[in-house]
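# Structure assessment
Here are the chains, one letter per residue:
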Amino acid sequence: MKTIEPYTPIQYVIGKTEFCGLEFKVDERVLIPRPETELLVEAAAEFAGLSASKADELDILDLCTGSGNIAIALMAGKCAPLTKNLSNCRIIASDISPDALEVARRNAVRNGVYGGIEFVCSDLFTDIKGRFDIIVSNPPYIAKHEFLTLQEEVLREPRIALDGGADGLDFYRRIAASLPKHLKRGGYALMEIGYGQRAAVADIIGKSGIFRLSGARKDFNGIDRVIIAEWIN
């Protein structure tokens, strides 16, 4: 019988969780999908629908895919009806962790969308080629000092999926710096953010002189949770 460590999240104990009406396998190799992230999927689907009307092929990149929940929900169309019947939709899901990608692949098979998603092991954009209409990401955004206050259950999740550096903003800086090379003109970048990070992330995006924060979506508690960046021109 497997020994259950104290404070182990219930999702790891039972080995699965629900996200966007789909069932996902989860274990200690991946972050547990949160309900708030469904807002990111819904927003990405909305902008994907807008982009699909203007493109022969819709290219979507999911950075830091983890369990694959965002890419799979978009491709399956359960939480994202605007992408459900788009035959021209191509999704690449990437993660730096080979272990996480193994979980993501199994989840894609489990939800019947394996053939529609390409999984790439990459440190953000390092091994990503081409440009995309939509870049979506739920990157690590916990500041180092915040780990002292996190619940024990959260600390059981992979640190690599949580740690956003000294101020929690390292990944936003890296993503913003690479957007000009990987986002198509007229495309959108959508990212989940942590509590109180909107202004700082908007500043990071705005400093490029190429992109601007064009909108945000609030979660169920009225907290800015999803930001949308787009080309200035």
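Scroll up a little and you will see the structure.
Attention in this report is confined to the structure presented alongside it. Only a predicted model underlies this, so the values are computations on that prediction, with no experimental measurement involved.

As a further point, take the overall build of the protein. Tallying secondary structure elements over the protein gives seven helices and nine strands in all. In terms of overall dimensions, the protein is globule-like: its C-alpha atoms have a radius of gyration of 17 Å, near the 17 Å expected for 233 residues. C-alpha extents for the protein along the principal axes are approximately 55 × 40 × 35 Å. Looking at the 233 residues of the protein, the share that counts as buried comes to 52%. The contacts in the protein between residues at least 6 apart in sequence include a share of 69% that link residues at least 24 apart. When the accessible surface of the protein is summed, it comes to about 11000 Å², and 51% of that surface belongs to carbon and sulfur atoms.

Going through the model one piece at a time under the given rule, you end up with four aromatic pairs. Relative to Phe24, the ring of Phe19 lies with its centre 6.1 Å away and its plane at 80 degrees, an arrangement referred to as edge-to-face. Owing to a relative accessible area of 0%, Phe19 belongs among the buried residues under this scheme. In this structure Phe24 comes out as buried when scored by relative accessible area, which is 0%. Judged by centre distance (6.2 Å) and plane angle (25 degrees), the ring pair of Tyr114 and Phe119 falls under stacked. Looking at Phe119, the relative accessible area reads 11%, which means it is buried. Here Arg174 stacks its cationic end above the ring of Phe171, 5.8 Å away from the centre of that ring.

Counted as a void, the largest pocket has a volume near 590 Å³. Lining the largest pocket are 26 residues, with Tyr141, Ile142, Leu150, Leu162 and Arg225 positioned closest to its centre. Counted by class, the lining of the largest pocket contains 13 nonpolar, seven polar and six charged residues. Its boundaries defined by the atoms lining it, the second largest pocket holds a volume of some 400 Å³. Lining of the second largest pocket is provided by 29 residues; of these, Cys64, Gly66, Asp95, Pro140 and Ala161 occupy positions nearest its centre. Among the secondary structure elements, those contributing two or more residues to the lining of the second largest pocket are α3 (69-76), β4 (89-95) and α6 (170-182).

Time to look at α6. Across its 13 residues, α6 extends 18 Å between first and last C-alpha, which sits within 8% of the 18 Å expected from 1.5 Å per residue. A bend of about 25 degrees at Ala176 is the largest found in α6, and the proline Pro180 appears one to four places after it. When α6 is considered as a whole, its buried residues turn out to be Phe171, Tyr172, Ile175, Ala176, Leu179 and His182. Its buried side turned inward, α6 meets β3 (58-63), β6 (132-137), β7 (183-192), α7 (198-206) and β8 (211-218).

Once that is clear, we can look at a nonpolar patch on the surface. On the surface, Ile10, Val13 and Ile14 cluster together into a nonpolar patch covering about 280 Å² of accessible area. Looking at the element boundaries, Val13 is found in helix α1 (residues 10-14).

Moving on, we get to the pairing of strand β1 (residues 16-19). Residues Thr17 and Phe19 of β1 are buried on one face, while the alternating residues Lys16 and Glu18, pointing to the opposite face, are not. Relative to strand β2 (residues 22-25), β1 runs antiparallel, the two sharing four bridges. Within the sheet, the bridge partner assigned to Lys16 lies in β2 and is Lys25.

Membership of the largest hydrophobic core comes to 36 residues, with the highest contact counts inside it found for Ile60, Leu74, Ile91, Ile117 and Leu190. In contact with Leu190, not counting residues within four places along its chain, are Leu40, Ala43, Ala44, Phe47, Ile134, Ile135, Val136, Ser137, Ile227 and Ile228. In this structure, Ile142, Leu179, Leu183 and Ile205 belong to the second largest nonpolar core, which totals 32 residues.

So, about the sheet that holds strand β9 (residues 224-231). Overall, mixed pairing links the seven strands, which are arranged β5-β4-β3-β6-β7-β9-β8 in an open sheet. Looking at the sheet topology across the chains shown, the edges are occupied by β5 (117-121) and β8. Taken pair by pair, the neighbouring strands of this sheet meet at an average axis angle of 20 degrees, ignoring direction. Two elements, β3 and β6, share four bridges in a ladder whose sense is parallel. Among the inter-strand pairings, Asp62 is bridged to a residue of β6, identified as Val136. Strand contacts of α6: β3, β6, β7, β8 and β9, with the helix running at about 160 degrees to β7, the strand carrying the most contacts.

What counts, and where the lines are drawn
- The written sequence of each chain sets the order in which its residues are numbered from 1.
- Only residues with pLDDT of at least 70 are given local features in this predicted model, and only at 80 or more are side-chain atom pairs given and counted; all residues enter the totals for whole chains, interfaces and linings.
- The side-chain quantities take in all heavy atoms of the structure and omit both hydrogens and water.
- Helix and strand definitions here come from DSSP, where helices need a minimum of 4 consecutive H or I residues and strands a minimum of 2 consecutive E residues; each element is numbered from the N-terminal end.
- With the radius of gyration taken over C-alpha atoms, the globule rule is written as 2.2 Å times the number of residues to the power 0.38.
- A simple rule labels every residue: compare its accessible area, found with a 1.4 Å probe on the protein chains alone, to the largest value its type can have, and call it buried under 20%, exposed over 50%, or partly exposed in between.
- Only heavy atoms matter for contacts: two residues are in contact if any of them lie within 4.5 Å across the pair.
- Note on areas: Shrake-Rupley with a 1.4 Å probe; residue coverage comes only from the protein chains shown.
- Only Phe, Tyr and Trp rings are paired, with Trp represented by its six-membered ring, and only when their centres lie within 6.5 Å; those with planes under 30 degrees apart are stacked, over 60 edge-to-face, the remainder tilted.
- Definition used: whenever NZ (Lys) or CZ (Arg) falls within 6 Å of the ring centre and also within 35 degrees of the ring normal, the charge is taken to sit over that ring.
- Points on a 1 Å grid, built from protein atoms alone, make a cavity when a 1.4 Å probe fits but cannot get out and make a pocket when they are open with protein on both sides within 12 Å along at least 5 of 7 lines; residues with an atom within 4 Å of a point are the lining residues.
- Grid points are joined across faces, edges and corners, and a volume is the space filled by probe spheres set on the points.
- The nonpolar class holds Ala, Val, Leu, Ile, Met, Phe, Trp, Tyr, Cys and Pro. Asp, Glu, Lys and Arg form the charged class, and all remaining residues, Gly among them, are polar.
- Multiplying 1.5 Å by the residue count of a helix minus one yields the expected span of that helix.
- Note that bend, as reported per residue, equals the angle between axes fitted to the 7 residues terminating at that residue and the 7 residues originating from it.
- Patch members must show over 30% relative accessible area and no salt bridge, and they are joined within 9 Å when carrying like charges or within 5 Å when they are nonpolar side chains of Val, Leu, Ile, Met, Phe, Trp or Tyr.
- Should a side-chain nitrogen of Lys or Arg be within 4 Å of a carboxyl oxygen of Asp or Glu, the pair is scored as a salt bridge.
- Note on pairing: DSSP must find at least two bridges between two strands before they are called paired.
- Put simply, buried Ala, Val, Leu, Ile, Met, Phe, Trp, Tyr and Cys residues joined by side-chain atoms within 4.5 Å make one nonpolar core.
- In this description, a line fitted to the C-alpha atoms serves as the axis of each element, helices being fitted only across the stretch in contact, and the angle between N-to-C directions of two axes falls anywhere from 0 to 180 degrees.

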